[in-house]
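Next come the chains, spelled out residue by residue.
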Amino acid sequence: MSELTLEELKAIPVLSEVPDEQLQWFLDNGEIVEMEEGQRVFEVGEPVNMTSIVLEGRIRICVMQNGKFREIAVIREQGITGYLPFSRAKKTPGFGECTKRGRIFRVPAEKIKEATQLHYELTEALVHTMTSRIRDFTSLQQQNEKMFALGKLSAGLAHELNNPAAAISRGASSLNAQIQNLPAMFKAIVSLNMTPEKVDTINELLVTRANQTDRPVLSMMDKADREDDLADWLMDHEIKKLEFAENLVDFDFKPEDLDHMNACTPVSQQLEIVLAWVNNYLLASKMIADIKESSQRVSQLVNSVKNFTHMDRDGDKQLLDIHTGIRNTLTMLDYKLKKGNVKLVENFDLNLPQVKAMAGELNQVWTNVIDNAIDAMEVNGGGTLEIETRQDRQFVQITIKDNGPGIPEELQSQIFDPFFTTKDMGKGTGLGLDVVTRIIRQHNGTVKVHSVPGSTEFVICFPINDD
C-alpha cells in the first residue's frame with residue numbers, strides 16, 4: 001500500500017491553502033484503506049465517525065427515496081465525504097458503494113473535533129467543504145421535492161383527463177353507430193304517407209323535448225315507474241322495441257306524448273318507424289351533450305394547469321385574487337380528494353382585496369399544505385378539509401384545516417425544519433413545509449400551526465400592501 005504524501009494532500013484544491021504543519025498533523029492521525037469495485041464503503045444507518053478523502057477510485061452514495069434506493073452523489077478523486085466539523089449528522093442516510101477500484105484516506109471524527117481546537121485553517125477548509133455539500137444536497141432535495149410534487153399532480157391530472165377523454169371516445173363511437181342507422185331510417189321514413197302538418201307536429205314535439213332545460217330530476221324508483229308506464233304503452237300498441245322507454249323517459253316523454261305521435265301516424269303499424277327515428281335523434285342529442293360536457297371538462301383542466309403553472313406570466317409580483325390559485329390547486333388535487341374520501345368545505349370571502357404576490361410561488365404553498373392535510377386524514381379513511389379566507393385588518397388570512405389525527409405536541413416545533421417529515425419512508429422529502437416557510441417569508445407573510453388530536457389548522461397571512 002503506497003503512502004500518502006504531503007504533496008498529494010496539498011494537491012487537493014480544498015486543502016491547498018492549509019499550512020504544512022496542519023496537513024502533517026492530518027496525515028499522522030489518519031490511515032489509508034483500499035477499496036474494491038462493488039465493495040460497500042459504508043451501510044445505511046452506520047455511525048458517521050470518519051472523515052474520508054477519495055485518493056483514487058470513485059464512490060457513489062445512494063439514499064432511500066420514494067421506497068427505492070437512488071443515487072444522489074458521486075465522490076470522485078480528491079472528493080471529501082463522511083464526518084465534517086460541526087456537522088449534526090449522526091448516522092448515514094444511505095450507503096456508499098465503490099464503483100471504481102481505489103483507496104481512501106480516513107481520519108476518525110474524534111480527531112477532526114480535536115482539530116477544531118488546534119488547527120484553524122484545516123477546520124476552515126473542511127467547514128467550507130461541508131457548506132458546499134449542504135448547498136448541493138439542499139438544491140438536489142429541493143429539485144426532488146418539486147419532481148415529487150409534479151409526479152403526484154401529473155398522476156392526478158392523468159386520472160382526471162382519462163375520464164372525460166374516455167367519455168368522448170365512447171360518445172364518438174356511439175354517435176357513429178347512430179349515424180350508420182340513418183340511411184335505412186330515411187328510407188323507412190320517406191315511405192310514410194304523412195301530411196306536412198303531421199310531420200311538423202311531431203318535429204315540434206321532438207325539438208321541444210330535446211331542448212327542454214327544466215326536465216325533472218327523478219329518483220331511481222320514480223324513473224323505473226315511468227319507464228314501466230311507457231313500456232306498457234308500447235306493448236299495448238304492439239311495439240317490440242321496449243328499449244325506447246328508457247331513452248324517452250330521460251327526455252321527459254309521457255304516454256300522452258306517444259298518443260299524440262300515434263295520432264299523427266297514418267297507419268298504427270308504422271308508429272314503430274316514427275319512434276325509431278325519434279329515439280335515434282334523442283340518442284344522438286344525448287351523445288353530443290356528453291361529448292360537449294367532457295370536452296369542456298378537458299378544457300377546464302388544461303386551463304387550470306395553465307393557471308397553476310402561470311407559464312404565460314413573468315416571475316414578478318402582481319396583484320391577484322387569492323382564491324384563483326386555491327381553486328386551481330383544488331382542481332389539480334381533486335382526484336386525491338375523491339380517492340381519500342375527503343369532503344371539501346369552502347368558506348371564502350369573495351370580497352377580499354387582491355394581494356401583491358407571485359402566483360406560481362403561492363401555488364406551491366397551497367399544494368404543499370393541502371396535500372399534507374389530505375395525507376394526514378388518510379389514516380381515518382376520510383375526513384373534512386375546510387378552507388377559509390377572510391380579511392384581518394391589513395392582512396388576508398387563509399386557514400386550511402383538517403380533522404386528521406393531529407401533530408404530536410413534541411413535533412410541532414420541528415415541522416418547518418428542512419428535511420423533517422412525519423411521513424413514512426419514501427412518502428416525502430421533508431422539504432414541503434420548508435418551501436412553504438421560505439415562500440411566505442419572501443412575501444412578508446406569516447404561517448402558524450395549531451394542532452390537537454382531531455384538528456390541525458395552518459393559518460397563513462399575507463399583507464395586502466406587500467409591506
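What you are looking at is a predicted structure, and each value in this text was computed from that prediction instead of being measured.

**A short note on the overall build of the protein chain**
- If you tally the helices and strands in the protein chain, you get 13 helices and 13 strands.
- Intrachain contacts of the protein chain at a sequence separation of at least 6 include 76% that bridge at least 24 residues.
- Counting every atom, the protein chain has about 25,600 Å² of accessible surface; 51% of that belongs to carbon and sulfur.

**As for the nonpolar core**
- Judged by nonpolar contacts, the single largest core of 39 residues is most densely connected at I322, W366, I370, L385, I387 and I398.
- Among the elements that line this core, the one with the most residues is helix 12 (residues 359-376), at eight residues.
- The residues touching W366, leaving out its near neighbours within four places in the chain, are I322, G325, I326, T329, D371, I398, I400, I460 and F462.
- Judged by nonpolar contacts, the second largest core, of 27 residues, contains I239, V249, V274 and L282.

**Some thoughts on the sheet that holds strand 8 (residues 342-347)**
- Within the open sheet, the five strands sit side by side as 8-10-11-13-12. Their pairing is mixed. Every interior strand has two partners, whereas the edge strands, strand 8 and strand 12 (446-452), have only one. Between one strand and the next, the sheet's axes are offset by a mean angle of 15 degrees, whatever the strand orientation.
- Bridging between strand 12 and strand 13 (residues 455-463) involves seven bridges; their strand directions are antiparallel. Residue S451 lies in a different strand from strand 13, and its bridge partner there is T456.
- Each of strand 8, strand 10 (383-392), strand 11 (395-402) and strand 13 touches helix 10 (residues 322-332); the most contacted strand, strand 10, lies at about 170 degrees to it.

**A word on unusual backbone geometry**
- For Q78, which is not glycine, the phi torsion reads 75 degrees and is therefore positive.
- Positive phi values are uncommon outside glycine, yet N444 reaches one of about 60 degrees.
- Within the element layout of this structure, N444 appears in the loop between helix 13 (432-442) and strand 12.

**Considerations on the side chain of N279**
- Assignment of secondary structure puts N279 in helix 9 (residues 271-309).
- According to the relative accessible area criterion, N279 is buried, its value standing at 10%.

**Digging into the packing of aromatic side chains**
- What the rule picks out here adds up to two aromatic pairs.
- Ring centres of F26 and F105 lie 5.6 Å apart, and the angle between their planes is 70 degrees; on these two criteria the pair is classed as edge-to-face. Residue F26 is found in helix 2 (residues 20-28), and its partner F105 is found in strand 6 (residues 94-108); the two are separated by 79 residues along the sequence.
- Look at F26 and you get buried, because its relative accessible area is 1%.
- Plain terms: the ring middles of W366 and F462 are 6.3 Å apart, the flat faces sit at 90 degrees to each other, and that makes the pair edge-to-face. Here F462 lies in strand 13 and W366 lies in helix 12, a separation of 96 residues in the sequence.
- W366 gets classed as buried once you look at its relative accessible area, which sits at 1%.
- Judged by its relative accessible area of 3%, F462 falls in the buried class.
- The residue whose ring lies beneath R40 is F95, and the NZ or CZ to ring-centre distance is 3.7 Å.
- A cation over an aromatic ring shows up here: R209 above the ring of F253, its NZ or CZ 6.0 Å from the ring centre.

Conventions and cut-offs
Residues numbered from 1 in each chain as written. Predicted model: local features only at pLDDT ≥ 70, side-chain atom pairs only at ≥ 80, totals over all residues. Heavy atoms only, no water. Helix = DSSP H or I, 4+ residues; strand = E, 2+ residues; numbered from the N terminus. Contact = heavy atoms within 4.5 Å. Areas by Shrake-Rupley, 256 points an atom, 1.4 Å probe, with all protein chains shown as cover. Core = buried A, V, L, I, M, F, W, Y, C linked by side-chain atoms within 4.5 Å. Buried < 20%, exposed > 50% of the residue type's maximum accessible area, 1.4 Å probe, protein only. Pairing = 2+ DSSP bridges. Axes fitted to C-alpha atoms, helices over the stretch in contact; angles between N-to-C directions. Phe/Tyr/Trp six-rings, centres within 6.5 Å; stacked < 30°, edge-to-face > 60°. Lys NZ or Arg CZ within 6 Å of the ring centre and 35° of its normal.

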